[in-house]
Amino acid sequence: LRKSTKMAHPFLLQLLEQTLLDPGEPLFQAQFFQLAGQKDNQFLNSKSFFSEAGLVLSDDLKNTFLEKPEDFTFFLYAKNGDLRWGFVVRVSSIATAGQKMAEQEASLAQIFSPLIKPLGQKEGETNLSFQSARYRQVAFRYASLSEKNLGLCWATTRDYLILTSSGESLMQVINRLLSNQ
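Model, not experiment: these values are computed from the prediction. (Residues numbered from 1 in each chain as written. Predicted model: local features only at pLDDT ≥ 70, side-chain atom pairs only at ≥ 80, totals over all residues. Heavy atoms only, no water.)

1. Things to note about the pairing of strand β5 (residues 82-90)
Here's step 1: With 7 of its 9 residues buried, β5 lies for the most part within the structure.
Here's step 2: Two strands pair when backbone bridges link them, and strand β4 (residues 72-79) and β5 are joined in this way by 8 bridges, in the antiparallel orientation. Bridge pairing links T73 to V88 in β5.
Here's step 3: The hairpin turn running from β4 into β5, its antiparallel successor, is 2 residues long, and N80 in that turn takes a positive phi close to 55°.
Here's step 4: Note: β5 against strand β9 (residues 160-164), 5 bridges, orientation antiparallel. In the sheet register, F87 faces β9, and the bridge partner there is L163. (Buried < 20%, exposed > 50% of the residue type's maximum accessible area, 1.4 Å probe, protein only. Helix = DSSP H or I, 4+ residues; strand = E, 2+ residues; numbered from the N terminus. Pairing = 2+ DSSP bridges.)

2. Observations regarding the packing of aromatic side chains
For any pair of aromatic rings, geometry is given as the distance between the ring centres together with the angle between the planes.
Here's step 1: Applying the stated rule across the entire model yields 11 aromatic pairs.
Here's step 2: Plain terms: the ring middles of F50 and F72 are 5.7 Å apart, the flat faces sit at 65° to each other, and that makes the pair edge-to-face. Of the two residues, F50 is situated in helix α2 (residues 46-53) and F72 in strand β4; the sequence distance between them amounts to 22 residues.
Here's step 3: Ring geometry for W85 against F112: centres 5.4 Å apart, planes inclined by 25°, an arrangement best described as stacked. A residue pair is termed long-range when its members are at least 10 positions apart, and W85 in strand β5 and F112 in the loop between α4 (94-111) and α5 (113-116) qualify at 27 residues.
Here's step 4: What makes F112 buried here is its relative accessible area of 1%. (Phe/Tyr/Trp six-rings, centres within 6.5 Å; stacked < 30°, edge-to-face > 60°.)

Right under this line is the structure:
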């Protein structure tokens, strides 16, 4: 990650570096790292996080996000030496959040490129074709990039919207949400 510091926004780079200050050996066990975005010693809610990170989502989508910091988690998922990111946000309506995500699919690769490029997104990989699938009775949408196990995956389940940069991390989040019923 340190070798790939071409992230467009310093807030994201600082947040990632604070969390993974040279973990040493590559991480081979599957692990989640929760990243707590802060500004002025206050935890950020989802809307503030996206604003600070320079990630521009539609207002219609952001209006489905609940406001409390505890309703939002940004994380890294590490396995076999690879890092993938994701977020989980509690929403007011999963139907509306799902509709607004679907409407924004064409621009998701561009919006999240500051987070995807350091993981292996190639130049020009912004026109993604999303497909549908199911895992544990949860419908999700995904689009793959040329790098192995890298893409954009999103789902809505229970009261949450999930967006990750890999199918495996999406499935692991779904497992955790469903096991906490």
